[in-house]
Amino acid sequence: MARAAEPERRLLAVYTGGTIGMRSGRSGLVPGQGLAAVLRTLPMFHDQDYAGQLPEDTLVLPPTGSDQSVIYTVLEWQPLFDSSDMTITEWVQIAQTIERYYEQYHGFVVIHGTDTMAFAASTLSFVLENLRKPVIFTGAQVPIHALWNDGRENLLGALLMAAQYLIPEVCLYFQNQLFRGNRATKVDSRRFAAFCSPNLPPLATVGADIIINQQLVRKVRGQDPLVVHSGLERDVGVLRLYPGIPGSLVRAFLQPPLKGVVLETFGSGNGPTKPELLQELRAAASRGLLIVNCTHCLQGPVTSDYAAGVALVGTGLVPGSDMTSEAALAKLAYVLGLPGLSLDDRKQLLAQDLRGEMTLPASELEPALRGSPLGHQVAQFLRLSNSQEFSAVWDALLPGLACAAARAGDLEALRVLVAAGCDLSMKDFNGQTPLHVAARVGHPGAVSMLLCRGADVNARSEDGLSPLLLAVRGRHQRVIRLLRAAGACLSAQELEDAGTELCRLASRGDGKGLRLWWQAGADLGLPGYDGRPALQVAESTGNLDVVALLQHLEGRAPDPEPALTARLGPAPADAPTLLCGPALDTAWPPQLHTLYSQKVLPVVYLAALLLQSPGPPPTEGQPLPGRLLEEAGTGDLGLPHFASWAGYCKFQNPSYQR
Ligand SMILES: NC(=O)C[C@H](N)C(=O)O
């Protein structure tokens, strides 16, 4: 969970207003400008000595105890807001700011007023899809420049959490607790402990120790890029039932243009059963108004225990489980804003857990697991009682299952696992990724598929080994070629140890083994443990075939499998890293970015294989040799338009010409 060592972590702090920076005006506290200037004067927020040569607008936290410095920039909004004045419009703007600067920063802190912070965090949790970086809301009950205040602690904590932990969620940090944003609610107008998360424990608790509740932190799945859903529906609202509420009032509230309502009901989702009221709800639901049933209790879900609740459900309400009203309102705005869905589609989405905002009983996991019979069976078999339990078990099982599928070369199973949300770069309990397993066993099809789905070609297992080394040890030539084509390199440590292994192969006269190392990019002149290279060892044992081979491979012949990236030249400066994928490094021409983003990556391996295959190139229109297709794994990956030489010729880059 802790970040890997890098020299610095860069954060963007978006300052939108709130008490934290407020000053006294004529009629009370009003938002105050110049937060960065205040922070610059506070040693806990800026260490000038440590900052050294950094630009003026950049602040640096004092040393954190780790070897990473935390550098942050405050982006101050014009105008600043008391959060009581903020709406979906401003929250979408925050999301768009994050999108604009997404690649430049490791994490984001949103400084926001507390009054509507839970609404804001809930909204952003839906707007930002495929989030891979922390977005942490914070603020204060007392301005930061007051002698006794909570703003300093809150802001410092939020900055440190965003910098030091990879929690890829929209969170809310307050009074030493990190909450999932769409689970938090403001419960106190004065105390520093202003927020709580009634139906989900905090993701992290900060004391003398920082305790991360890893089970609860949502895992990043797949490689999909960040999507910002800006088209939220504004015509949504909250109606709180109270004893004796007249049907006429409900009717007035539910009139168009309203499109979605969070109905705050009594207890476990109950309400008055008088026909007049039920009739108004039924009429609104049949007009297409989406109504979500949330309890006005602080804690616990809506259930169908009482006839008074069942009567409400009968009018067409969607049960909101244990969602806060804030989360339910944001979810309504999001679901109603998605284009091209039917009313039933939208109802189905509302009933699903989309961003960790609700706990589903196991019996209702069905829609979430649609397309994943495996997940459904697991939930049943282990008698998992709710979605949180299911996620924890599922996340623990998936990497092991993916490794088992890779070992068996079972592409169908890998596909099912991907469909069930498996991140193929996760490590199993042995600390190896599915790519390590497929490379060790020697399944070119599985290797190709894993690379295509974004598996990191240079991932290190827990004992520091690369998939390429395992393929060399397993003597799997085709796998070595695929890995090299995707940019695999032996690590410095693996190369250091290679010398002794090369000498051992030379002394045994194992020319094939030496070739495999050469294909993997090892320098055959590396010295063994006694300082002699393999050539000298072969000479001293009188193995003339190996001597000839080594002289040939070492001196005269080029590396037959240089990484494809090495042939393609440097990446364009504006190439988005995400499109390059972890498996590919950044050295790709724009055509390949497009191909990669369209998920037709295997063509890259196909191209690499064609480049290396002997004989004349296939002519225009001629089908590609079946052996190559099989080797590239494309047959399996549904790429008909690249199954011909014409398709291959679509690569305009001269590096592809033979
Ligand atoms: N503590 C606060 O930040 C309250 C303030 N009214 C706001 O929400 O902007």
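Residues numbered from 1 in each chain as written. Predicted model: local features only at pLDDT ≥ 70, side-chain atom pairs only at ≥ 80, totals over all residues.

K.L.:
Is there a simple way to think about the sheet that holds strand β9 (residues 170–174) in this case?
P.N.:
Neighbouring strands of a sheet are bound in pairs by backbone hydrogen bonds; such pairs are parallel or else antiparallel. Pairing within the open sheet is mixed, and its nine strands lie in the order β4-β5-β1-β6-β8-β9-β10-β13-β14. Here the strands that pair on one side only, and so sit at the sheet edges, are β4 (58–60) and β14 (210–212). Adjacent strand axes in the sheet meet at a mean angle of 25° when their direction is disregarded. Bridging between strand β1 (residues 8–17) and strand β6 (residues 107–111) involves five bridges; their strand directions are parallel. Residue pairing in the sheet places L11 in a bridge with G107 of β6. Here helix α3 (residues 88–100) sits on the sheet in contact with β1, β5 (69–81), β6 and β8 (135–138), set at roughly 160° to β1. Here helix α5 (residues 151–164) sits on the sheet and contacts β1, β5, β6, β8, β9, β10 (177–180) and β13 (204–206); the angle it forms with β6, its principal contact strand, is near 160°. (Pairing = 2+ DSSP bridges. Helix = DSSP H or I, 4+ residues; strand = E, 2+ residues; numbered from the N terminus. Axes fitted to C-alpha atoms, helices over the stretch in contact; angles between N-to-C directions. Contact = placed C-beta atoms within 7 Å.)

K.L.:
Hey, could you run me through the packing of helix α9 (residues 325–337) against helix α10 (residues 343–351) in this one?
P.N.:
Helix-helix packing is characterised by the crossing angle of the two axes and by the distance between the axes. As a packed pair, α9 and α10 sit with axes 10 Å apart at the nearest point and diverge in direction by 145°. For the pair α9 and α10, the sense of crossing is right-handed. Contact residues: K331, V335 and L336 in α9; R346, L349 and L350 in α10. The residue makeup of the contact of α9 with α10, split by class, is four nonpolar, no polar and two charged. (Left-handed = near helix turned anticlockwise from the far one by under 90°. Nonpolar A, V, L, I, M, F, W, Y, C, P; charged D, E, K, R; others polar.)

K.L.:
How should I be thinking about the UniProt feature "repeat: ANK" (unreviewed entry) in the chain in this particular structure?
P.N.:
The UniProt entry lists residues 430–462 and 463–495 under the feature "repeat: ANK" (unreviewed entry), expressed in the numbering used here. The distance from the first to the last C-alpha atom of residues 463–495 is 15 Å, and the span holds 61% helix and 0% strand. (UniProt positions renumbered as here; feature names shortened; annotations may be inferred.)

K.L.:
Honestly, unusual backbone geometry in this entry has me stumped. Any pointers?
P.N.:
Backbone phi values are negative for most residues with the exception of glycine, while trans is the configuration of most peptide bonds. With an omega of -5°, the peptide bond between Q78 and P79 qualifies as cis. Here P79 shows up in strand β5. In this model, P256 is joined to P257 through a cis peptide bond whose omega is 10°. Note that P257 resides in the loop between α6 (247–253) and β17 (260–265). The phi torsion at Q175 lies on the positive side, around 50°, for a residue other than glycine. On the neighbour-count criterion, Q175 (18 C-beta atoms within 10 Å) is partly exposed. With phi around 60°, R475 is a residue other than glycine that occupies positive phi space. Among the residues examined, R475 registers 14 C-beta atoms within 10 Å and is labelled partly exposed. (Buried ≥ 20, exposed ≤ 12 C-beta atoms within 10 Å, placed from the backbone.)

K.L.:
What is the right way to read α3 from this model?
P.N.:
The periodicity of an α-helix, 3.6 residues per turn, causes residues three or four places apart in sequence to face the same way. Here α3 contains 13 residues, and its C-alpha end-to-end distance of 18 Å stays within 8% of the 18 Å for a straight helix at 1.5 Å per residue. Every buried residue belonging to α3 is among I88, W91, V92, I94, A95 and I98, and all of these are buried. Seen along its axis, α3 keeps its buried residues to an arc of 150°; they face one direction. Opposite its buried face, α3 presents the exposed residues T89 and R100, each directed more than 90 degrees away. (Expected span 1.5 Å × (residues − 1). Arc of directions from axis to C-beta.)

K.L.:
I would appreciate a short explanation of the packing of α3 against helix α4 (residues 117–127) in the present structure.
P.N.:
Two numbers describe how α3 lies on α4: the axes approach to 10 Å, and their chain directions differ by 55°. Relative to α4, the element α3 lies oblique. In the crossing of α3 with α4, the sense of the turn from one axis to the other is right-handed. Contacts between α3 and α4 pair I88, W91, V92, I94 and A95 from the former with A120, T123, L124 and V127 from the latter. (Parallel < 35°, antiparallel > 145°, perpendicular 65-115°, else oblique.)

K.L.:
Would you mind going over the sheet that holds strand β19 (residues 318–319) with me for this structure?
P.N.:
Ordered in space as β16-β17-β18-β19, the four strands form an open sheet in which the pairing is parallel. The sheet is open, and its two edges are formed by β16 (236–240) and β19, each paired on a single side. Across two bridges, the pairing between strand β18 (residues 290–295) and β19 is parallel. By the bridge assignment for β19, V292 is matched with V318. Each of β16, β17 and β18 is contacted by α9, which is oriented at about 160° to β17, the strand it contacts most.

K.L.:
Help me understand the pairing of β9 in this model?
P.N.:
Across the five residues of β9, five count as buried, placing the element largely inside the fold. Residues of β9 alternate between two faces, with V170, L172 and F174 on one and C171 and Y173 on the opposite face, all of them buried. With three bridges connecting them, β8 and β9 associate as parallel partners. If you follow V135 over to β9, its bridge partner there is V170. Regarding the hand of the β-α-β motif, the stretch spanning β8, α5 and β9 is left-handed. Sheet topology places β9 next to β10; four bridges connect them, and they run antiparallel. (Right-handed = clockwise from strand over helix to strand, strands pointing away.)

K.L.:
What is the right way to read the site of the ligand from this model?
P.N.:
Every residue close to the ligand is listed here: G17, G18, T19, D82, S83, S84, G113, T114, D115, G139 and Q141. Partitioning the shell around the ligand into residue classes produces no nonpolar, nine polar and two charged. (Near = placed C-beta within 6 Å.)

K.L.:
Where do I start with the nonpolar core in this structure?
P.N.:
Nonpolar side chains in soluble globular proteins generally cluster together in the buried interior. Ranked by size, the top nonpolar core spans 97 residues in total, and within it L11, L159 and L172 carry the most contacts. Per-element accounting of this core gives the leading share, nine residues, to α9. Counting contributing residues per domain, this core is built from domain 1 (8–222) and domain 2 (236–359), each supplying no fewer than three. In this structure, L159 is in contact with L11, L61, V70, Y72 and V109, ignoring residues within four places of it in sequence. Core analysis: the next-biggest nonpolar cluster, separate from the first, contains 58 residues, F390, A438, L490 and V546 among them. (Core = buried A, V, L, I, M, F, W, Y, C linked by C-beta atoms within 7 Å. Domains from an automatic or database assignment.)

K.L.:
Would you take a moment to explain the pairing of β10 for this structure?
P.N.:
Neither face of β10 is left uncovered, since the one carrying Q177 and F179 and the one carrying L178 and R180 both have all their residues buried. Counting the residues that bridge the hairpin from β9 to β10 gives two residues, and of these Q175 lies at a positive phi of roughly 50°. Of the pairings in the sheet, the one linking β10 to β13 comprises two bridges and is antiparallel in character. Looking at β13, one finds that L178 is bridged to A204.

K.L.:
For this particular structure, what's the right way to read helix α14 (residues 434–441)?
P.N.:
Counting buried residues along α14, seven of its eight residues qualify, which places the element largely inside the surrounding structure. If you check which residues of α14 are buried, you get P434, L435, H436, V437, A438, A439 and R440. Phi turns positive, to about 90°, at G442, one or two residues after α14.

K.L.:
Hey, could you run me through the environment of S461 in this one?
P.N.:
Topologically, S461 is positioned in the loop between α15 (444–452) and α16 (467–473). When near neighbours in sequence (up to four residues on either side) are disregarded, S461 contacts G431, Q432 and H436.

K.L.:
I'm lost on the environment of G17 in this one. Help?
P.N.:
For G17, the location among the structural elements is in strand β1. Residue class for G17 comes out buried when judged on the 27 C-beta atoms lying within 10 Å of it. Taking the C-alpha atoms as reference points, G17 and F81, separated by 64 residues in sequence, lie 4.7 Å from one another. Among all residues touching G17, those that are not within four sequence positions of it are P31, W77, L80, F81, D82, S83 and G113.

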